[in-house]
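Notes for the structure review
Each chain is listed here by its residues.
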Amino acid sequence: DIDVSLYTANADEDMECQELVMRCFFLEMKVILHECYITNCSKTQDVFNILKNGNASFENKQVNSTTSKKCKECEEYEEKNFTEFIQNFVKVIQRDCK
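Residues numbered from 1 in each chain as written. Predicted model: local features only at pLDDT ≥ 70, side-chain atom pairs only at ≥ 80, totals over all residues. Heavy atoms only, no water.

1. Some remarks on the overall build of the chain
- Counting secondary structure elements, the chain contains four helices and two strands.
- Starting at the N terminus, the α and β elements of the chain follow one another as β-α-α-α-β-α.
- Within the chain, buried positions represent 37% of all 98 residues.
- With an accessible surface of roughly 6400 Å², the chain has 48% of that area assigned to carbon and sulfur atoms. (Helix = DSSP H or I, 4+ residues; strand = E, 2+ residues; numbered from the N terminus. Buried < 20%, exposed > 50% of the residue type's maximum accessible area, 1.4 Å probe, protein only. Areas by Shrake-Rupley, 256 points an atom, 1.4 Å probe, with all protein chains shown as cover.)

What follows is the structure in structure tokens.
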């Protein structure tokens, strides 16, 4: 029930770029959360919890400037619908958790 286009990072990005990939996903989660508040979607609390937990891991970390130069900015990724965004997010999470 969420109708948005979201910048969607690829699960196969260079491992050096994984932190920036995750930051991009969590930035876009803010868009989803905002949309959930507007439309009163059924998963608002789930999205909020994912966002809260993800942001906690980035709070005190600075991005390495040499890494950020060779990695894509969030806005450089293709915009995809919610379903494709979630599928890619799951792939990235699964790969990071191995």
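Still to come is the rest of the account.
2. Observations concerning the nonpolar core
- Within the largest apolar cluster, 22 residues are counted, with the highest numbers of intra-cluster contacts made by Phe25, Met29 and Ile32.
- Looking at this core, the elements with two or more residues in it are helix H1 (18-39), helix H2 (44-58) and helix H4 (82-96).
- In terms of residue count, the dominant contributor to this core is H1 (nine residues).
- Ile32 has contacts with Ile2, Leu6, Val47, Phe82 and Phe85, leaving out every residue within four places of it along the chain. (Core = buried A, V, L, I, M, F, W, Y, C linked by side-chain atoms within 4.5 Å. Contact = heavy atoms within 4.5 Å.)

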